[in-house]
Amino acid sequence: QVQLIESGGGLVQPGGALSLSCAASKRTASNNAVAWFRQAPEKERELVAAIDWNGGRTFVADSVKGRFTISRDRVKGTVYLQMSSLKPEDTAVYYCAVARGAVYGHSPNLYQYWGQGTQVTVSS
């Protein structure tokens, strides 16, 4: 069992920036792809960004491209989501998830471990 501890959410004004972190309880998670999903009220969970096991390949959704960056530190067992130029529509609960394998996919079903979620609210 892998536990994921997310941190860094909060309230920010439009145009502001936040950095989310996801720390895994086991080093074995460093061999798996990791993704950030988000879910806004009454909306489906959507993939925001993903990174494969060694950071060699990443994905960022079109809605956040150019504003969000995903990275990982395999030694620390931590994955980061740097968010800038935040918009009100970025408001959601953000979840970190570890994939079943070394490469990422778009479906939530491909991910076996999930964090508890961290709230990001973009509002003036």
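An account of the accompanying structure is given in this report.

About the criteria used
Along each chain, numbering runs from 1 in the same order as the chain's sequence is written. Selection of residues for local features in this predicted model requires a pLDDT of at least 70, selection of side-chain atom pairs for listing and counting requires 80 or more, and totals for whole chains, interfaces and linings are taken over all residues. By convention in this description, side-chain values take in all heavy atoms of the structure and omit both hydrogens and water. The rule is simple: take the accessible area with a 1.4 Å probe, protein chains only, and divide by the maximum for that residue type; under 20% is buried, over 50% is exposed, in between is partly exposed. Starting at the N terminus, helices and strands are each numbered in turn, a helix being any DSSP run of H or I of at least four residues and a strand any DSSP run of E of at least two. A pair of strands counts as paired when DSSP detects no fewer than two bridges linking them. Any two of the Phe, Tyr and Trp rings considered here, Trp counted by its six-membered ring, make a pair once their centres fall within 6.5 Å; the pair's planes then place it as stacked at under 30 degrees, edge-to-face at over 60, or tilted in between. Here, a charge over a ring means that NZ of Lys or CZ of Arg falls within 6 Å of the ring centre while also lying within 35 degrees of the ring normal. Residue contacts are defined here by distance: any two heavy atoms, one from each residue, within 4.5 Å place the two residues in contact. Whenever two N or O atoms come within 3.5 Å, that pair is a polar contact, provided that in protein one can donate a hydrogen and the other can accept it, and provided that, for residues adjacent in sequence, both atoms are side-chain atoms.

So, about the pairing of strand β9 (residues 92–99). Among the 8 residues in β9, 7 count as buried, and that is most of the element. Of the pairings in the sheet, the one linking strand β4 (residues 34–39) to β9 comprises 6 bridges and is antiparallel in character. Residue pairing for β9: Ala35 is matched across the bridge by Ala97. Judged from the 3 bridges that link them, β9 and strand β11 (residues 118–122) form a sheet pairing that is antiparallel. In the strand pairing of β11, Val93 is matched with Gln119.

Quick look at the packing of aromatic side chains now. Inspection of the entire model under this criterion finds 5 aromatic pairs. Judged by centre distance (5.0 Å) and plane angle (50°), the rings of Phe37 and Trp114 are tilted. Linking Phe37 in strand β4 with Trp114 in strand β10 (residues 111–114), this pair joins segments that are 77 residues apart in sequence. In this structure an aromatic cluster arises from ring pairing among Phe37, Tyr95, Tyr111 and Trp114. Between the NZ or CZ atom of Arg45 and the centre of the ring of Tyr95, over which it lies, the distance is 4.0 Å. Geometry around Trp114 places Arg45 over its ring, the cationic atom sitting 4.8 Å from the centre.

Mapped onto the fold, Arg72 is located in strand β7 (residues 68–73). The exposure class assigned to Arg72 is buried, which follows from its relative accessible area of 16%. Arg72 sits 54 residues away from Leu18 along the chain, and the two C-alpha atoms are 16 Å apart. With near-sequence residues (within four places) excluded, Arg72 lies in contact with Ala29, Ser30, Asn32, Ala33, Val34, Ile51, Asp52, Trp53, Gly55, Thr78 and Val79. Here Asp52 takes part through its backbone oxygen, which lies 2.9 Å from a polar atom of the side chain of Arg72. Among the polar contacts made by the side chain of Arg72, one reaches the main-chain carbonyl oxygen of Trp53 at a distance of 3.4 Å.

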